[in-house]
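Chains, contacts and geometry: an overview
This is what each chain is made of:
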Amino acid sequence: EAGVTQSPTHLIKTRGQQATLRCSPISGHTSVYWYQQALGLGLQFLLWYDEGEERNRGNFPPRFSGRQFPNYSSELNVNALELEDSALYLCASRLVNEQFFGPGTRLTVL
Amino acid sequence: AQSVSQHNHHVILSEAASLELGCNYSYGGTVNLFWYVQYPGQHLQLLLKYFSGDPLVKGIKGFEAEFIKSKFSFNLRKPSVQWSDTAEYFCAVGGGYQKVTFGIGTKLQVIP
């Protein structure tokens, strides 16, 4: 069974630009979660999508947004990038009570 | 609001030493508890989980954790660590229909 996949692996942007990160959940999983793993801050919950709808979001500004498509894949968009947005962005999909994580996208903002 | 506190941010042990990583949580409902591990350059992966039942949970690679409800704790243990256990370990609470809240992580370095 294929795991959660994310693309791209690495992304380099400059301040003010927009970044789009993609996630494909495990087949059959309808929930997708996004987390930010910044240096020294652990994993911070960003967004949760289920059945195409945003169900919950963490303490992040509105320039962090996303969506979930009919095939349950998801996109995370970060607008007006700032230097402190540099981090590893992890996506997870859920089966019952357990989340399965993808390899992450390393976003670097210069 | 749910929160997780991991007591040690960086632990250095020699091979064969015993390991205990502390984790305390705050959560207002039925608690689901997890320990995840992130080996260098690899995915975050589940070590073990507690949903209900026996409070002593055994996971992969010889790890175990004990849920002590009265102390709001879920400490991770391993009797004898190996160099290959060098990784970052995250305690987490929640799951199911809620978000998972992670602790800040503990970096474990095992010296051969």
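Residues numbered from 1 in each chain as written. Chains lettered and ligands numbered in written order. Predicted model: local features only at pLDDT ≥ 70, side-chain atom pairs only at ≥ 80, totals over all residues. Heavy atoms only, no water.

**Overview of the state of the cysteines**
Residue and element names in this part refer to chain A. Selection rule: Cysteine sulfurs are considered disulfide-paired once they come within 2.5 Å of each other. Helix numbers and strand numbers start at the N terminus; a helix is a DSSP run of H or I with at least 4 residues, a strand a run of E with at least 2.
According to the stated counting rule, one finds two disulfides over all chains in the structure shown. Here Cys23 connects covalently by a disulfide to Cys91, the sulfurs 1.8 Å from one another. Disulfide Cys23-Cys91: torsion about the S-S bond near -60°, hence left-handed. Of this pair, Cys23 sits in strand β3 (residues 19-24) while Cys91 sits in strand β9 (residues 87-95), and the two are 68 residues apart along the sequence.

**Quick word on the interface of chain B and chain A**
Where we set the bar: Every residue pair with non-hydrogen atoms within 4.5 Å of one another is taken to be in contact. In short, buried area is how much 1.4 Å probe accessible area vanishes from two parts on joining, totalled over both. For this analysis, a salt bridge means a side-chain nitrogen from Lys or Arg found within 4 Å of a carboxyl oxygen belonging to Asp or Glu. A 3.5 Å cut-off defines polar contacts: any pair of N or O atoms within that distance qualifies, except that in protein one atom must be a possible hydrogen donor and the other a possible acceptor, and neighbouring residues in sequence count only when both atoms are side-chain atoms. Classes in brief: Ala, Val, Leu, Ile, Met, Phe, Trp, Tyr, Cys and Pro nonpolar; Asp, Glu, Lys and Arg charged; the others, Gly included, polar.
Residue-level contacts link 20 residues of chain B with 20 residues of chain A. Carbon and sulfur atoms supply 57% of the area that chain B and chain A bury against each other, a total of about 1,600 Å² over both sides. Counting every contact that joins chain B to chain A gives one salt bridge. Between Lys49 of chain B and Glu98 of chain A there is a salt bridge, with its nearest N and O atoms 2.5 Å apart. Across the chain B-chain A interface, the total number found is four residue pairs in polar contact (both at pLDDT 80 or more). At the level of secondary structure, the elements contributing two or more residues to the side of chain B that touches chain A comprise β5 (33-38), β6 (44-50), β10 (87-94) and β11 (100-102) of chain B. Tallied by class, the residues present in the side of chain B that touches chain A amount to ten nonpolar, seven polar and three charged.

**Considerations on unusual backbone geometry**
Omega for the peptide link from Ser7 of chain A to Pro8 of chain A comes to -10°, which places this bond in the cis form. Looking at where Pro8 of chain A falls in the secondary structure, it is placed in the loop between β1 (5-7) and β2 (10-13). With a phi close to 60°, Lys61 of chain B is a non-glycine residue in the positive phi region. Structurally, Lys61 of chain B is set in the loop between β7 (56-58) and β8 (64-68). Unusually for a residue other than glycine, Phe72 of chain B sits at a positive phi of about 50°.

**Observations regarding the pairing of strand β6 (residues 53-57) of chain A**
Residue and element names in this part refer to chain A. How we decide: Note on pairing: two strands pair once DSSP finds at least 2 bridges between them.
With four bridges joining them, strand β5 (residues 42-50) and β6 adopt antiparallel strand pairing. Bridge assignment links Asp50 to a residue of β6, and that residue is Glu53. Hairpin remark: β5 followed by β6, antiparallel, with two residues in the connecting loop; positive phi at Glu51, about 50°.

**Looking at the sheet that holds β3 of chain A**
All names here are of chain A. Heads up, the condition is: All axes here are fitted lines through C-alpha atoms, helices being fitted over the stretch that makes contact, and every angle between N-to-C directions spans 0 to 180 degrees.
If you trace the four strands from one edge of the open sheet to the other, you get β1-β3-β8-β7, paired in antiparallel fashion. Both edges of this open sheet fall to β1 and β7 (64-68), since each of them pairs with a single strand only. With direction set aside, neighbouring strand axes in the sheet form an average angle of 20°. In terms of strand pairing, β1 meets β3 through three bridges, oriented antiparallel. Among the inter-strand pairings, Thr5 is bridged to a residue of β3, identified as Ser24.

**Digging into the nonpolar core**
Test applied: Here the nonpolar core consists of buried residues drawn from Ala, Val, Leu, Ile, Met, Phe, Trp, Tyr and Cys, with membership extended through side-chain atoms lying within 4.5 Å. Relative accessibility decides the category of a residue: with a 1.4 Å probe and only protein chains considered, values under 20% of the type maximum give buried, values over 50% give exposed, and everything between is partly exposed.
Grouped together as the largest cluster of nonpolar side chains are 29 residues, with contacts concentrated most on Leu33, Trp35, Leu47, Leu48, Phe74, Leu76 and Tyr89 of chain B. Sort the elements by how many residues they give to this core and β10 of chain B lands first, with four residues. Setting aside residues up to four positions removed in sequence, Leu76 of chain B forms contacts with Leu19, Glu20, Leu21, Trp35, Leu47, Leu48, Phe63, Glu64, Ala65 and Tyr89 of chain B. Formed by 22 residues, the second largest nonpolar core is a distinct cluster that contains Ala19, Trp34, Leu46 and Ala87 of chain A.

**As for the packing of aromatic side chains**
Just so we agree on the cut-off: Any pair of Phe, Tyr and Trp rings, taking the six-membered ring for Trp, is counted once the centres come within 6.5 Å. Such a pair is stacked with planes under 30 degrees apart, edge-to-face with planes over 60 apart, and tilted for the rest.
Applying the stated criterion across every chain yields a total of 15 aromatic pairs over all chains. With centroids separated by 5.6 Å and ring planes inclined at 45°, the aromatic side chains of Tyr35 of chain A and Phe101 of chain A adopt a geometry described as tilted. Of this pair, Tyr35 of chain A sits in strand β4 (residues 31-38) while Phe101 of chain A sits in strand β10 (residues 98-101), placing them 66 residues apart in sequence. For the pair formed by Tyr35 of chain A and Phe101 of chain A, the shared burial category is buried. Pairing Phe63 of chain B with Tyr89 of chain B gives two aromatic rings, centres 5.6 Å apart and planes at 45°, and the pair type is tilted. In this pair, Phe63 of chain B is assigned in the loop between β7 and β8 and Tyr89 of chain B in strand β10, connecting sequence segments 26 residues apart.

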